[in-house]
Amino acid sequence: MRSFYRLFLAAFPLITLAGARSYSRHRPITVGRRSTDGTYTIQDYYQGEDFFNDWDFYTGSDPTGGNVVYQNKSAAQSERLAYVNSDGTTVLAVDSTSTVAAGGDRDAVRITSQNSYNSGLFIMDASKMPVGCSTWPSFWTVGPNWPYGGEIDIVEGINDQAKNQMTLHSGTNHSCTIDTDDTDEFTGSVLSSNCYSTETSDSGCSIMDSSSTSFAYGFNNAGGGVFALLWDNSTGMSMWHFARANIPDDLTARVPTPSNWGTPSGFWSAQTCDITDNFYDHQMVIDTTICGNWAGGAYSQSGCPGTCTDMVANASNYVDAKWVINYVAVYQ
């Protein structure tokens, strides 16, 4: 997926330019109906002690070449890499206690939703995300037969990156681009406009969030916040980030009305991107890898000390390499 080619289109611009937490349920709530006043209703709500029942733990090799060994559910829970706190928050972590040689692999977690989607409003509310040199956290959705089913990166970044990078990867040549003539439709900065991706060139079309609270230390220091993707096949893809103090009241009340949220951080118009042709049957993914094609390839330009492979040996670097998630929700 996120290949070395992505490094040159995405990482270098970074350098040169730049709820009720106790709520739990035994299966996702299924509603799937949009109300007539523009609000959305819950389809799936993932939170609390049963969170992991509705996600699969990926145990294959890291497609991005990271220095990780993804653990199955029982191993991840035994190692305290995947657990639910008493307040209902869900934690996904990278091993921060083991002795690992330079260039070795650390245990980590990557989970995939069992349900798949073809549209909707996708929400992650998190109080913390993984931070630190060599880390590469992501919250994204992906379809079958990559890249033909497409990929939507809602949250992604590397090393000491200060702002969130949002990216679409499409599998059909020249049928999906960012409309750079309509930059007043979003507040972020375009890094690359052609979404077309292949297995050997998958930079996609990226927009950098304008807010310093949208990623890493800035996000965590603001108490976290909410990331939202509105996938509408008729209008396009819209993404927002809200710092904790600015989360819309309608979202907190679980009756989100995106039309009231103002200009999104990123927008990919259906007028310049065939949404239904490029994005279908998506599952959500949450993961953290370390080093790999992007974080490792851009390491020397990221202001980080030493080398990425040496950093892997420093267990203390991963004490804060964890997601703390209040909930994940999908509305229709």
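Since this is a predicted model, take the numbers as computed values, not measurements. (Residues numbered from 1 in each chain as written. Predicted model: local features only at pLDDT ≥ 70, side-chain atom pairs only at ≥ 80, totals over all residues. Heavy atoms only, no water.)

Caption draft 1: Representation of unusual backbone geometry in the model. For the bond running from Trp146 to Pro147, omega is 5°, close enough to zero to count as cis. Among the structural elements, Pro147 can be located in the loop between strand 9 (135–142) and strand 10 (151–156). Of note in this structure, Ser134 is not a glycine but carries a positive phi near 90°. Summarising the element assignment, Ser134 is placed in the loop between strand 8 (120–128) and strand 9. Classification of Ser134 by relative accessible area gives buried; the value is 0%. One non-glycine residue, Asn145, lies in positive phi territory at about 55°. Looking at the secondary structure, you find Asn145 in the loop between strand 9 and strand 10. Under the relative-accessibility criterion, Asn145 is labelled exposed at 57%. (Helix = DSSP H or I, 4+ residues; strand = E, 2+ residues; numbered from the N terminus. Buried < 20%, exposed > 50% of the residue type's maximum accessible area, 1.4 Å probe, protein only.)

Caption draft 2: Local environment of the sheet that holds strand 13 (residues 205–208). Read from one edge of the open sheet, eight strands run 2-7-17-9-10-11-13-12, paired in antiparallel fashion. Of all the strands in the sheet, just strand 2 (55–57) and strand 12 (189–192) have a single pairing partner and so form its edges. Taking the axes of each pair of neighbouring strands and ignoring which way they run, one obtains an average angle of 20° across the sheet. With three bridges connecting them, strand 10 and strand 11 (residues 165–169) associate as antiparallel partners. Within strand 11, the residue paired with Glu151 across the bridge is His169. (Pairing = 2+ DSSP bridges. Axes fitted to C-alpha atoms, helices over the stretch in contact; angles between N-to-C directions.)

Caption draft 3: A negative patch on the surface, seen in detail. A contiguous patch of negative charge on the surface is contributed by Asp181, Asp182, Asp184 and Glu185. By the secondary structure assignment, Glu185 is in the loop between strand 11 and strand 12. When its relative accessible area of 38% is taken as the criterion, Glu185 is described as partly exposed. (Patch = residues over 30% accessible without salt bridge, like charges linked within 9 Å, V, L, I, M, F, W, Y side chains within 5 Å. Areas by Shrake-Rupley, 256 points an atom, 1.4 Å probe, with all protein chains shown as cover. Salt bridge = Lys/Arg side-chain N within 4 Å of Asp/Glu carboxyl O. Lys, Arg positive; Asp, Glu negative; His and termini not counted. Charge placed at Lys NZ, Arg CZ, Asp CG, Glu CD.)

Caption draft 4: The arrangement of the packing of aromatic side chains in detail. Scanning all chains against the criterion turns up 13 aromatic pairs. Centre to centre, the rings of Phe51 and Phe52 are 5.5 Å apart; their planes meet at 75°, and the pair counts as edge-to-face. The pair Phe51 / Phe52 is uniform in exposure class, with both members buried. Judged by centre distance (6.2 Å) and plane angle (25°), the ring pair of Phe122 and Trp231 falls under stacked. Placement of the pair is Phe122 in strand 8 and Trp231 in strand 14 (residues 225–232), with a sequence separation of 109 residues. Judged on exposure class, the residue Phe122 and its partner Trp231 are both buried. Across from the ring centre of Tyr83, 3.7 Å away, lies the NZ or CZ of Arg80, which sits over that ring. Directly above the ring of Tyr58 sits Arg110, whose terminal nitrogen or CZ lies 4.4 Å from the centroid. (Phe/Tyr/Trp six-rings, centres within 6.5 Å; stacked < 30°, edge-to-face > 60°. Lys NZ or Arg CZ within 6 Å of the ring centre and 35° of its normal.)

Caption draft 5: Representation of the state of the cysteines. Inspection of every chain in the model, using the stated rule, returns four disulfides. Here Cys133 engages in a disulfide with Cys304; their sulfurs sit 2.1 Å apart. An S-S torsion of about -85° defines the bridge between Cys133 and Cys304 as left-handed. Here Cys304 lies in the loop between helix 6 (292–295) and helix 7 (308–312) and Cys133 lies in the loop between strand 8 and strand 9, a separation of 171 residues in the sequence. Shown here is the disulfide that connects Cys291 with Cys308, its sulfur atoms set 2.1 Å apart. Here Cys291 and Cys308 share a disulfide; its torsion about the S-S bond, -110°, makes the bridge left-handed. Of this pair, Cys291 sits in the loop between strand 17 (283–290) and helix 6 while Cys308 sits in helix 7; the two residues are 17 residues apart in sequence, bridging distant segments of the chain. (Disulfide = S-S within 2.5 Å.)

Caption draft 6: Up close: the pattern of salt bridges. For the structure on display, the rule yields two salt bridges. With a closest N to O distance of 3.0 Å, Arg106 and Asp95 form a salt bridge. With Arg106 in strand 6 (residues 106–108) and Asp95 in the loop between strand 5 (90–93) and strand 6, the pair connects residues that are eleven residues apart, well separated along the chain. As far as burial versus exposure is concerned, Arg106 and Asp95 are alike and both buried. For the salt bridge of Arg244 with Asp125, the shortest nitrogen-to-oxygen distance reads 2.9 Å.

Caption draft 7: Seen up close, the pairing of strand 7 (residues 110–113). In strand 7, alternate side chains face the same way, and those of Arg110 and Thr112 on one face and Ile111 and Ser113 on the other are all buried. Relative to strand 7, strand 2 is paired through three bridges, and the arrangement is antiparallel. Bridging from a neighbouring strand, Asp56 pairs with Thr112 of strand 7. Across three bridges, the pairing between strand 7 and strand 17 is antiparallel. Of the residues in strand 17, the one forming a bridge with Thr112 is Val285.

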